[in-house]
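Geometric and topological summary
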Amino acid sequence: MAFFDALREKAVTTLNQVLDKNRNSGLTKHQQFCYSHHIPETETILSESAAEIGIKSDYSTDAYNDNLPFPQGRIYLTQSFLIFRDAFDRKNCSFSVHLSTIKKVERPPGSDYGFALMVSTYSKLHLTLYLVGIRSDSERFAQQLKIALKKNLVHVGKLQPFIQTCYSEYLLAKNKVSTEKVEHAPQGGLGLVFKFPGDPKESRDKTKMKLWFDLFRVDGRNLSLVRTPLFYKLVRVGLPNRLRGEIWELCCGSMYLRLDYQGEYNKILEDHKDQKSFAIEEIEKDLNRSLPEYAAYQSSQGIERLRRVLTAYSWKNPDVGYCQAMNIVVAAMLIYMSEEQAFWCLNVLCDRIVPGYYSKTMYGTLLDQKVFESLVQKTMPMLWEHITKNDIQLSVVSLPWFLSLYLSSMPLVFAFRILDVFFLQGPKTLFQVALAVLKLNGEALLNTEDDGTFISIIKQYFLTLHESAHPNSPNPKFRSITRFQELLVTAFREFSVIDEEMINNTRAKHRDTIYQNISSFVKRTELRNLPRTTNISQETLSLLYDRFYSVVESLSVTKGSGTSVMDYKVFVEFMSEICDWITDVNVDDERHFLRRLFNHWDTEKQGALTFTDLLVGLNSLVDPDLMTSMSNFFELYDTKGDGKIDREGILQISEDLLYITSPWKDGVLFDGITKANIENVIADEVYKKQVESGNTSPDQSEIQLPSDFQVDRDKLEQQQVERYLQAAATFIQRAFEYAQPEEEELLIKELAIDNSISHNAALNPNTPVYLNLPTFRMVVLADETYELLFGSTLREATHLERPLDTKFDPIRNLRDMFDGLLADGRKVATKVRLRMDSRAANGGGGAPPNSSNASIKSGAKREEEEEDQDDDDLGVISIDDNDKDLLLATEAQVVVKESTEKPRISRMESEKIIGKSDQNLIEFET
Amino acid sequence: MSYPTPATSVKLVLLGEAAVGKSSLVLRFVSNDFQENKEPTIGAAFLTQKCTIGERTIKYEIWDTAGQERFASLAPMYYRNAQAAIVVYDITKPASFIKARHWVKELHEQAAKDITIALVGNKYDLVQDDDEGQGEREGVRKVSVEEGQNLAAEEGLLFYETSAKTSYNVNDVFIGIGNKIPEAASLASSPEQNNNEGRIDLSTNASSNGNRNLCSC
Ligand SMILES: Nc1nc2c(ncn2[C@@H]2O[C@H](COP(=O)(O)OP(=O)(O)OP(=O)(O)O)[C@@H](O)[C@H]2O)c(=O)[nH]1
Ligand SMILES: [Mg+2]
């Protein structure tokens, strides 16, 4: 029961997510909430309230003095967090305090406010929440908080080990403003060993460190930090080396994942120890090619860390695996972060901050290039016009900025400064900087007309970022401003209009085009690499490809996941769309014919079909050669691969044939025999009229098709239904009649001579018997209806070339076909003409030919050959030379009887004899 | 300002699997340099180099692309309008040869009809015997010369084996392409300000005027 509940819940959530999705950002409300507070998506809001907040720290000397108004906003409670967001812009005061850090919650005595709660953390931070609203609601919030804290108790144990990994804790403990014991500096990044890039004096690292130290004392740290305007300011001026990694993971929220999933990083590595993968091969190629100038990456220590983080991520997220540029990004992270920190940070980066940048199709990258171009057009129309006029490929310059987060474009020290802001503010940072770069070089760029110069101007600019922006200014203060500072000011002031919303809107506008471009490229590539399929034309391939992906995508739960395999359910849907003979399929029926096809086509035995699998399967399904078509079918049941199908298998075949033929058996579709019969009936009628009117000369133009002629549809339908039932009955009877007993091979001679075959051991249900391919073919060929089924009926009811958008209704189609029959009078006309020819040849006395005895030559050439047919329509003799020889050689052994049923038997027997050498195509009638 | 030999602009794109040495070939050709650990190309890089072949001066506008499979969907952006292409593989990596075959097909289907393509098997130095001789080290080479030649013959490509490390055959590739580019196809060239002979690094060439040859084919 629990299983079904879980299933239903999942279905409901999925549905809600779809309904709830913001069209522009592609995120649900819930996701947006989690993203904007950087908390894991597993969190949900349990309770919320309007609130004012008071903040006080035991370590602060003056804290928030009483003159300052309390920040107002909304407080939220989730499973693991107490979240506050400032009513105005969140920049004033916000926090996501982890419940594990809360030591105490109490009601402050004698508060003038209606309802207050004081929350104290292990870091000696006291947050007073003044809840605004109805008292009962506030009580409920307090109650919920109590419950959540209790539930969270099991996770509190993770806090201590986690604290040991935070440099902030170490810093505070060392300076005795913490009650925690942190004796060893946490592992941290490679910079601790190999020196951090840049000159710490120049970046005033010590001062920055002191400022952060003070901030931690007043506003808390890591899991219980309150973000105030000072916090944002300190990030923007550049982070101190030793704290950089921790602040990055705090800003982007990867810290919470690292807390929750302690040890998972090592476990992934352990679980996949010594395993190989394509991603690993690609990673290996790039290990020596990642920030090679940095000392750590000339040593095995650095390379090893890089290898482990990239490898672990490729196992964690195989959909992304490894993408070039990730090596550079991770190499940069590892300078400031431990492996575990970098690993989780990479997770958040790929999943949340820049989704699709490193994915297999890189749609995120392509999309953001388009977005960037349109932002350039919007904000710098003159430059944009210049760029398009001169056909300059902007993305060659800008794509690496985005993909490697500027790390491969400008000197590392500057790139890290941008990363500081990037982790705090998100992807809009990348756009703001990129626009500022163009803007600041605008004049020079307007003077270039080719990519080469364009690129070199920007290259040059990045190399001189440390230089003065105003070298000629008389004002020394002005002169001291570097180009980099100017860049940041331009990016974050002038382009502050470029916010998340604008980016999301622009993305939404271009998303479809990008998907189309990518999919047409991917399609070309995939189609080119397919195995040869002789029965499927190039155009049909293309249609099948589109259908494959449209069905896979519309039915997969995780939409847009880029799945490229089809599971059974999707397969059933796919086949139902193109096969008229597929009727209601129970997907849980393990013995269903489609299940058998699916398993047989699933070459990797992975419970899913690739496009190639599907194609190879379909190619054999529509093989126009009768003999091949029968052996393909036989193979489906020859599960052991020994060329024998046992009793159980024979029964299954009969059952499946009944299923496959049901549209014809039920009179919903007409097969070739019935169609020929209809034509004959009409031809007879026309012929009669012609004779009556005295016009019997077989003149081309004279044959008029009656427009008002009625065919007895019910009768023809009934005939067909009976024929199919008869065929099914005959099949199973003959199959057992001719099946070989397992132990003794029946003597061929014996069989051939004794037509009664009453002593056949196979008829005894206790004797194990098997059907081999030649026997199977013989049994099929013995029946005109089934012969035609394999020769053409099934293939013609399988519409690989059906266009994607038409929903097909087989019933309607049948009516169309039936009614349209008269319109396609060519064949009827031919038949009428044949009758006239025959009459002329017989001196006008011959009886009209027997129209009910129609026989259809199966195979692709049926229609053309029909015109050359003998007018008696009795049968077709078509023997290819090879077969003729064989047939003649064995003729002596074949007993041919005169009766109408016997020829088929004799044909079966000759097939049986010849079949031993697995020869094809014998049609023989007397 | 004088107007010496007009230079013909040729847009050339490099394609091939990751780490086969595309960027290294370009670096060798443009700066006669080699780096042991070259960072992977992100997206694409653009460089120019002039090269004198007999009477003609050709200015190559080189688009060096990223080799990793997933960057392939960006490639059309760069090979559009290209008059020449170098498809590179690593003669010690059979998979890179399969990739090369794929790129040749892609170019024939999607790029300009009369594009000149050179197939280049790189890292020849790896199979060379240490002692300068003509012999080859056993077992290092994974793609035979014949395989390369056959593909080139089938598809009508120029073919070279090169080493960006030792510079073996590198210039020949570019000269070969230059010779094959029909003169007429590149008439739309304008006089060059810069009349330096031989190699010019892009960074020192910032003043050159644009003279992209926008061939309409
Ligand atoms: N021994 C040897 N190594 C080479 C040669 N050419 C390139 N390499 C090395 O192979 C690695 C990859 O070279 P790149 O030029 O970056 O390869 P690429 O094809 O541009 O790679 P992507 O940009 O990732 O597509 C580098 O470490 C080069 O030093 C060569 O001719 N011989
Ligand atoms: Mg490269």
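Bear in mind the structure is a predicted one, so any value in this text is a computation, not a measurement. (Residues numbered from 1 in each chain as written. Chains lettered and ligands numbered in written order. Predicted model: local features only at pLDDT ≥ 70, side-chain atom pairs only at ≥ 80, totals over all residues. Heavy atoms only, no water.)

Regarding the UniProt feature "domain: EF-hand" (unreviewed entry) in chain A
Using the following cut-off: UniProt positions are given in the numbering used here, feature names are shortened, and annotations may be inferred rather than shown by experiment. Working definition: helices are DSSP H or I runs of at least four residues, strands are E runs of at least two. Numbering for both runs from the N terminus.
Mapped onto the present numbering, the UniProt feature "domain: EF-hand" (unreviewed entry) falls on residues 589-624 of chain A. End C-alpha atoms of residues 589-624 of chain A are separated by 30 Å, and the span's content is 56% helix alongside 6% strand.

Considerations on the site of ligand 1
Heads up, the rule is: A molecule or strand has a residue near it when one of that residue's heavy atoms lies within 4 Å. Identification of polar contacts relies on pairs of N or O atoms within 3.5 Å, with a donor-acceptor requirement for protein atoms, meaning one able to donate a hydrogen and the other able to accept it, and with residues adjacent in sequence counted only if both atoms are side-chain atoms. Computed with the Shrake-Rupley method and a 1.4 Å probe, the accessible areas treat only the protein chains shown as cover for residues. Any residue that is not Ala, Val, Leu, Ile, Met, Phe, Trp, Tyr, Cys, Pro, Asp, Glu, Lys or Arg is counted as polar, Gly included; the first ten are nonpolar and the last four charged.
If you check the shell around ligand 1, you find 25 residues, and the closest are Arg289 of chain A together with Lys22, Ser24, Glu36 and Asp125 of chain B. The site occupied by ligand 1 is bordered by residues of chains A and B. The separation between an oxygen atom of ligand 1 and a polar main-chain atom of threonine 41 of chain B is 2.8 Å. Between a nitrogen atom of ligand 1 and a side-chain N or O atom of asparagine 122 of chain B, the distance comes to 3.2 Å. When ligand 1 is considered free in solution it has 650 Å² of accessible area, and contact with the protein chains removes 94% of it. Among the elements that take part in the shell around ligand 1, helix α1 (residues 22-31) of chain B stands out by supplying three residues, more than any other. Residue classes in the shell around ligand 1 are distributed as eight nonpolar, nine polar and eight charged.

Focus: the packing of helix α27 (residues 568-578) of chain A against helix α28 (residues 593-601) of chain A
Residue and element names in this part refer to chain A. In plain terms, the rule: Working convention: axes come from line fits to C-alpha atoms, limited for helices to the stretch in contact. Angles between N-to-C directions cover 0 to 180 degrees. These descriptions rest on fixed angle ranges, namely under 35 degrees for roughly parallel, over 145 for roughly antiparallel, 65 to 115 for roughly perpendicular, and the rest for oblique. Each crossing gets its hand from how the near helix is turned against the far one by less than a right angle, where anticlockwise is left-handed and clockwise is right-handed. Working rule for contacts: check all heavy atoms of both residues, and any pair within 4.5 Å makes them a contact.
Between α27 and α28, whose axes approach to 10 Å, the crossing angle comes to 115°. Between α27 and α28, the crossing angle belongs to the class labelled roughly perpendicular. Classified by chirality, the crossing of α28 by α27 is right-handed. Residues Tyr568, Phe571, Val572 and Met575 of α27 lie in contact with α28, whose contacting residues are Leu594, Arg595, Leu597, Phe598 and Trp601. Here the residues of the contact of α27 with α28 sort into eight nonpolar, no polar and one charged.

A look at helix α14 (residues 326-336) of chain A
Here is the rule we go by: Summary of the burial criterion: residues with accessible area below 20% of their type's maximum are buried, those above 50% are exposed, and those between are partly exposed, where the area comes from a 1.4 Å probe applied to protein chains only.
For α14 of chain A, the tally of buried residues reaches eleven of eleven residues, placing the bulk of the element in the interior. Residues of α14 of chain A that are buried: Met326, Asn327, Ile328, Val329, Val330, Ala331, Ala332, Met333, Leu334, Ile335 and Tyr336 of chain A.

Quick look at the side chain of serine 254 of chain A
Among the structural elements, serine 254 of chain A can be located in helix α10 (residues 254-260). On the basis of relative accessibility, which here comes to 0%, the residue serine 254 of chain A falls in the buried class.

As for unusual backbone geometry
With phi around 70°, tyrosine 406 of chain A is a residue other than glycine that occupies positive phi space. Position of tyrosine 406 of chain A among the secondary structure elements: in the loop between α18 (394-403) and α19 (412-425). Among the residues examined, tyrosine 406 of chain A registers a relative accessible area of 0% and is labelled buried. Here asparagine 32 of chain B, not a glycine, exhibits a phi torsion of approximately 50°, which is positive. Secondary-structure assignment places asparagine 32 of chain B in the loop between α1 and β2 (44-53).

Description of the interface of chain A and chain B
In plain terms, the rule: Note on terms: buried area is the combined drop in 1.4 Å-probe accessible area of two parts once they are placed together, counting the loss on both. A side-chain nitrogen of Lys or Arg and a carboxyl oxygen of Asp or Glu constitute a salt bridge if their distance falls within 4 Å.
Facing the 45 residues of chain A at the interface are 39 residues of chain B. Summed over both sides, the interface between chain A and chain B buries roughly 3700 Å², with carbon and sulfur atoms accounting for 56% of that surface. The residue aspartate 391 of chain A makes a salt bridge to arginine 80 of chain B at a minimum N-O spacing of 3.2 Å. Counting across the interface, chain A meets chain B through ten residue pairs in polar contact (both at pLDDT 80 or more).

So, the environment of cysteine 34 of chain A
Residues and elements named next belong to chain A. Examined against the element boundaries, cysteine 34 turns out to sit in helix α2 (residues 29-36). By relative accessible area, which is 0% here, cysteine 34 ends up buried. Through-space distance from the C-alpha of cysteine 34 to that of threonine 44 is 8.3 Å; in sequence the pair is ten residues apart. Sequence-distant contacts of cysteine 34, that is, excluding residues within four places in its chain, are made with Ile39, Pro40, Glu41, Glu43 and Arg352.

Concerning the coordination of the magnesium ion (ligand 2)
Residue and element names in this part refer to chain B. For the record, the criterion: The donor set comprises N, O and S atoms within 2.8 Å of the metal, extended to 3.2 Å for Na, K and Ca; water molecules are omitted, so apparent gaps in a site may simply reflect that omission.
In this structure, Ser23 (OG) and Thr41 (OG1) serve as the protein donors to the magnesium ion (ligand 2), at separations of 2.0 Å. Of this pair, serine 23 sits in helix α1 while threonine 41 is found in the loop between α1 and β2, placing the two residues 18 residues apart along the sequence. Residue threonine 41 is classed as buried on the basis of its relative accessible area of 12%.

Quick look at the sheet that holds strand β1 (residues 7-16) of chain B
Residue and element names in this part refer to chain B. To keep things clear, this is the line we draw: Pairing between strands is defined by DSSP: at least two bridges between the two strands are required.
If you trace the six strands from one edge of the open sheet to the other, you get β2-β3-β1-β4-β5-β6, paired in mixed fashion. Here the strands that pair on one side only, and so sit at the sheet edges, are β2 and β6 (158-161). On average, each strand axis in the sheet is tilted by 25° relative to the strand beside it, whichever way the strands run. Bridge analysis of β1 against strand β4 (residues 84-90) gives five bridges, and the strand direction is parallel. Following the sheet pairing, leucine 12 is matched in β4 by alanine 84. Contacting β1, β4 and β5 (116-122), helix α3 (residues 94-110) runs over the sheet at an angle of about 165° to β4.

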